[in-house]
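Fold and geometry: a report
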Amino acid sequence: MIERLEATLQKYNELQEELTKPDVLSDMKKTKTYSKELASLEEVVTCYKRYKKVLEDIESAKEMLQDKELEEMAKEELSTLEEEKEKLDGELEVLLIPKDENDDKNVIMEIRGAAGGDEANIFAGDLFRMYTRYAEKKGFTYQVYNSVEGTAGGYSQIEFMIKGQGAYSLLKYESGSHRVQRVPVTESNGRLQTSTATVLVMPEADDDIEIEINPNDLRVDIYRSSGNGGQGVNTTDSAVRITHLPTGVVVTCQNERSQIQNREQAMKVLKSRLYELQEQEKAEKEGNERRSKIGTGDRAEKIRTYNYPQNRVTDHRIGFTTNSLDRVMDGALDDVIDALIQEDQKRMLRGESE
């Protein structure tokens with residue numbers, strides 16, 4: 001571990017030196033690249049410097065043990081320093097886990113009502129509210145770019161982007177099938193029903209990701225936006241549907257005010273979809289699990305149950321349960337997401353040690 005930390009520190013110092021050179025400062029692309037890499041190493045280097053200082057202090061405390069007058073004070077200090085060293089050991093182990101290059105990116109999410117008819121669509125709407133409330137609590141923003149409302153409420157389909165530093169790192173585990181158990185408002189006999197909605201999560205393919213899209217491979221359809229009307233949806237022919245012919249990927253955007261804005265947004269989403277497809281194919285070729293060791297990221301995988309009568313949420317992948325469904329549905333997702341992140345880190349550490 002020390003060898004890796006020393007290599008990281010050396011790289012950090014080299015980048016700092018590079019960023020003082022005139023030829024680098026005059027090149028915006030190089031400056032941006034080096035600055036981004038430097039920032040990614042900042043946390044590890046800061047923690048490692050603290051660790052090195054603690055090691056030095058431990059040696060000093062051990063020397064103080066030789067002095068009878070300072071022995072008791074040295075023992076107390078040594079005990080405190082050993083505890084801090086152990087804590088920093090754990091922090092550094094986690095910080096050295098290879099990072100997902102997409103973690104800092106914005107996230108694109110799709111929620112669809114699945115099994116359960118109207119109730120599934122209503123639940124899809126509940127999930128949408130849960131994620132957007134969570135985003136607001138984190139200081140993120142969100143933007144809906146396509147939605148199809150359910151006949152009894154909620155959405156049969158809603159697609160949106162959550163924007164904020166690290167949004168993908170927090171929400172990347174949410175892909176899969178979400179199951180709800182409750183008495184639907186549409187159920188006249190008061191019977192408990194199980195319904196599902198599916199969630200797909202993708203990192204936004206920003207300028208750092210190179211995806212070539214040949215204009216000749218696209219079919220673009222323009223049509224009239226549909227939805228709940230009002231200011232958010234135009235009544236002119238402004239909605240855009242783009243089909244990528246080689247892959248069959250279809251992207252629709254109708255919530256912007258103009259055809260040009262809808263087309264720009266649709267192209268952004270198409271790029272993200274194609275990037276996701278590319279990453280999936282790459283992972284399958286390499287024989288690796290998709291994205292992380294917690295779940296496959298597949299829509300069909302049942303990942304979580306929301307049990308309303310018992311106010312309980314259970315994540316089946318890690319066996320995590322919380323009896324605060326009401327808070328979770330209001331966007332208090334931190335406990336669930338933190339448990340997923342910690343379990344993922346544990347599995348990655350076990351994998352490295354093996």
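The preceding data block contains the structure.
Conventions we followed
- All residue numbers here refer to positions counted from 1 along the written sequence of the relevant chain.
- Predicted model: local features are reported for residues with pLDDT of at least 70 only, side-chain atom pairs are reported and counted for 80 or more only, and whole-chain, interface and lining totals are derived from all residues.
- Side-chain calculation: all heavy atoms of the structure are included, whereas hydrogens and water are not.
- Under the scheme used here, helices are H or I runs from DSSP no shorter than 4 residues and strands are E runs no shorter than 2 residues, and both carry numbers assigned from the N terminus.
- For every residue, the accessible area (1.4 Å probe, protein chains only) is compared with the maximum for its type, and the residue is labelled buried under 20%, exposed over 50%, or partly exposed between those bounds.
- Here the open area of atoms and residues is found with the Shrake-Rupley method and a 1.4 Å probe, where only the protein chains shown may cover a residue.
- At least two bridges found by DSSP between two strands are what make those strands a pair.
- The axes are straight lines fitted to the C-alpha atoms, using for helices just the contacting stretch, and the angles between their N-to-C directions are given from 0 to 180°.

**Section: the overall build of the protein chain**
Of regular secondary structure, the protein chain possesses 9 helices and 11 strands. Counting all 354 residues of the protein chain, 42% fall into the buried class. Accessible surface, the protein chain: about 19,100 Å² in total, of which carbon and sulfur atoms supply 46%.

**Considerations on the sheet that holds strand β6 (residues 218-223)**
Across a sheet, paired strands are connected by hydrogen bonds in the backbone, their directions being either parallel or antiparallel. Across the sheet, 3 strands lie side by side as β6-β7-β8; this open sheet has antiparallel pairing. At either end of the open sheet lies a strand with only one pairing partner, and these are β6 and β8 (249-253). Geometrically, the sheet is characterised by an average inter-axis angle of 15° between neighbouring strands, direction not taken into account.

**Let's talk about the pairing of strand β10 (residues 312-315)**
Two faces make up the sheet, and in a regular strand the side chains alternate between them. Summarising the sheet, strand β9 (residues 302-307) and β10 pair through 4 bridges and their orientation is antiparallel. Paired with T305 across the bridge in β10 is T314. In this antiparallel pair of consecutive strands, β9 and β10, the connection spans 4 residues, and N311 shows a positive phi of 50°. Looking at chain direction, β10 and strand β11 (residues 320-322) are connected through 3 bridges and run antiparallel. The residue bridging V313 from the neighbouring strand is T322, located in β11. Linking β10 back to β11 in an antiparallel pair, the connection comprises 4 residues, with G319 at a positive phi of about 70°.

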